[in-house]
Amino acid sequence: MRRAGILMPVSALPSPCGIGTLGAAAREFADFLALSGQSCWQILPVCPTSYGDSPYQSFSSYAGNPYFIDLNDLAAEGLLHPSEYQELFWGGDPARVDYGLLYTTRYPVLRTACARLLREDREDYRLFCREQGEWLEDYALFMALKDRYHGLPWSQWPEGERLREPAALARAREELAEDIAFWQGVQYLFFRQWGALKAYVNERGISIIGDLPIYVSGDSADVWSSPEQFQLDEERRPTEVAGCPPDAFSADGQLWGNPLFDWEGMKEDGYRWWLRRIAFQFTICDILRIDHFRGFDEYYAIPAGDDTARNGRWRPGPGLDFFRTVERELGPREIIAEDLGFLTDTVRQLLRDTGYPGMKVLEFAFGDREHGSDYLPHCCGEHSVIYTGTHDNDTIQGWVASASEEEVAYAKEYLRLSEAEGWHWGMLRSAWAAASELAVVQFQDLLGLGSEARMNTPSTLGGNWSWRTLPGTFTPTLAQRLRREMQVYQRLAR
């Protein structure tokens, strides 16, 4: 079945109070998707952001982002009074997220709401804490300790807490009981709102495409609570870290800095850490995009302490054994493999063996007129997912303005783009016309926005992850135009 979807990060929704949330604006977007004949809503990871504001560098791969909790919905159930948040300053530009301002303003409001929640002594709250189990206990303690030590990474905490000595953790749980309860309460509020939103979206025939980063942040509850799963030394410091080698776009490569997995140890216990992680993600979403698929075939390991990625080397990943274990233990799941970048024959074979659809990105298709590209629409097999661009790419209008003259000329000739129609609409139509079973486009491109609306520029810090759409952009006119395109290209949701 041919389907279509829109990539819209939760943070980019036009909710009040400085950032997109799980409230009325999210429900309005779900209605827009249904009216426009879409089948899927693709999001970015919904975990808490940490340094650099990136959802791909989080304090936890399980926890929900506290900023996404809708304050109006909390007020509707009596956990907040409107005067406690509506009169606060949430930023001067409704088209950008001010993460620094959110950090200082949002948490006092959430503490007020959680104090009322905890006084009510709700049975469903206690049930939530029991059902979530270890990850919630570890995360809440991790965040309480991080507050105690003024935001320092756990690698710089005192030895007892850093090495998780039982006596030190027991003492911390007693001394920080109130803070621990707050962080648990925040997660209860997030997942209750998320569950309600997901039900609302699914009732309208829309599937949510989630996003799972392959790596976790070094400064996370994941690594702190399960150090045996990672390549760490006796002091629990990484021996090698993740990244990408030098290429035509970066002479030094990309130094991500994430700790690497101990794949041999993971295999011995049947990949239980990963199975829990993936199973949890499928409670949040219906379809899962797994980031950096190549890393499961082989991964790039850089000596810890290096300033660049130049001295890294490729090491074998878990390969097909891992994905066969996932399917055997979790059953058939709808997974999209992010297989972008330089691909070896072994990666291509792994993709074929798993049966997952790979990704095709139109903005990458026009660099070689003579030899062509696998991303050109006529080369996209049915079992694939085509994008005009992803969150790491410029918008279509931005790409037309910044790509090389040769690439843009080839795109205009191949796709028959015209300024009269709009470069963005011509490229969008070409994605919908492709053979790929699923086509996903960024919401910014439906509006014809330029580089100011780009979500992320890889390997840069500052200014990323902050774009937001404005109120009033989910219009019936745009929805009807989209719906007509879905009918033309036989992608209309059924």
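The structure under discussion appears in the preceding block.
So, here's what we can say about the structure. (Residues numbered from 1 in each chain as written. Predicted model: local features only at pLDDT ≥ 70, side-chain atom pairs only at ≥ 80, totals over all residues. Heavy atoms only, no water.)

**Thoughts on the overall build of the protein chain**
From N to C terminus, the protein chain includes 18 helices and twelve strands. Computed over the C-alpha atoms, the radius of gyration of the protein chain is 23 Å, within 12% of the 23 Å expected from 2.2 N^0.38 for a compact globule of 494 residues. Across its three principal axes, the protein chain shows a C-alpha extent of roughly 70 × 55 × 40 Å. Of all 494 residues assigned to the protein chain, the portion counted as buried reaches 57%. If you take every contact in the protein chain between residues at least 6 apart in sequence, the share linking residues at least 24 apart comes to 75%. For the protein chain, the exposed area adds up to about 20800 Å²; of that, 50% sits on carbon and sulfur atoms. Charge separation in the protein chain, taken as the distance between the mean sites of 48 positive and 72 negative side-chain charges, equals 4 Å. (Helix = DSSP H or I, 4+ residues; strand = E, 2+ residues; numbered from the N terminus. Rg over C-alpha atoms; globule rule 2.2 N^0.38 Å. Buried < 20%, exposed > 50% of the residue type's maximum accessible area, 1.4 Å probe, protein only. Contact = heavy atoms within 4.5 Å. Areas by Shrake-Rupley, 256 points an atom, 1.4 Å probe, with all protein chains shown as cover. Lys, Arg positive; Asp, Glu negative; His and termini not counted. Charge placed at Lys NZ, Arg CZ, Asp CG, Glu CD.)

**Observations concerning the nonpolar core**
Counting residues in each nonpolar core, the largest one holds 163 residues, and the members touching the most others are Trp41 and Trp274. Here this core gets twelve residues from one element, more than from any other, and that element is helix H8 (residues 177-203). Beyond its immediate chain neighbours, meaning those up to four positions away, tryptophan 274 contacts Leu212, Ile214, Phe261, Trp263, Met266, Phe296 and Phe322. (Core = buried A, V, L, I, M, F, W, Y, C linked by side-chain atoms within 4.5 Å.)

**Here we look at the packing of aromatic side chains**
Enumeration over the complete set of coordinates arrives at 58 aromatic pairs. Centroid distance tyrosine 67 to tyrosine 107: 5.8 Å. Interplanar angle 50 degrees. Geometry classified as tilted. Of the two residues, tyrosine 67 sits in the loop between strand E2 (40-42) and helix H2 (71-76) while tyrosine 107 sits in helix H3 (residues 99-120), which places them 40 residues apart along the sequence. Per residue, the accessibility class of tyrosine 67 equals that of tyrosine 107, and both read buried. Relative to tryptophan 157, the ring of tyrosine 149 has its centre 6.1 Å away and its plane inclined at 40 degrees; by these criteria the two rings are tilted. A relative accessible area of 4% means that tryptophan 157 is categorised as buried. (Phe/Tyr/Trp six-rings, centres within 6.5 Å; stacked < 30°, edge-to-face > 60°.)

**Describing the sheet that holds strand E8 (residues 313-316)**
Taken in spatial order, the four strands of this open sheet run E5-E4-E7-E8, and their pairing is antiparallel. Of all the strands in the sheet, just strand E5 (254-259) and E8 have a single pairing partner and so form its edges. With strand direction ignored, the average angle separating the axes of adjacent strands in the sheet is 50 degrees. (Pairing = 2+ DSSP bridges. Axes fitted to C-alpha atoms, helices over the stretch in contact; angles between N-to-C directions.)

**Some thoughts on the side chain of glutamine 184**
Its place among the elements puts glutamine 184 in helix H8. Residue classification places glutamine 184 among the buried residues on the basis of a relative accessible area of 15%. When near neighbours in sequence (up to four residues on either side) are disregarded, glutamine 184 contacts Tyr125, Phe128, Cys129, Leu136, Glu137 and Ala140.

**Notes on the sheet that holds strand E6 (residues 287-290)**
Across the sheet, which stays open at both edges, the eight strands sit in the order E9-E6-E3-E2-E1-E12-E11-E10 with parallel pairing between neighbours. The open sheet has two edge strands, strand E9 (335-337) and strand E10 (358-361), and neither has a second partner. With strand direction ignored, the average angle separating the axes of adjacent strands in the sheet is 25 degrees. Packed onto the sheet, helix H1 (residues 24-35) meets strand E1 (3-7) and E2 and runs at close to 135 degrees relative to E2.

**Observations regarding unusual backbone geometry**
Positioned with a positive phi, arginine 164 is a non-glycine residue whose angle comes to about 60 degrees. Following the sequence through the fold, arginine 164 ends up in the loop between helix H6 (159-162) and helix H7 (166-175). One non-glycine residue, arginine 416, lies in positive phi territory at about 55 degrees. Note on placement: arginine 416 falls in the loop between helix H15 (405-415) and helix H16 (423-433). On the accessibility criterion, arginine 416 (62% relative accessible area) is exposed.

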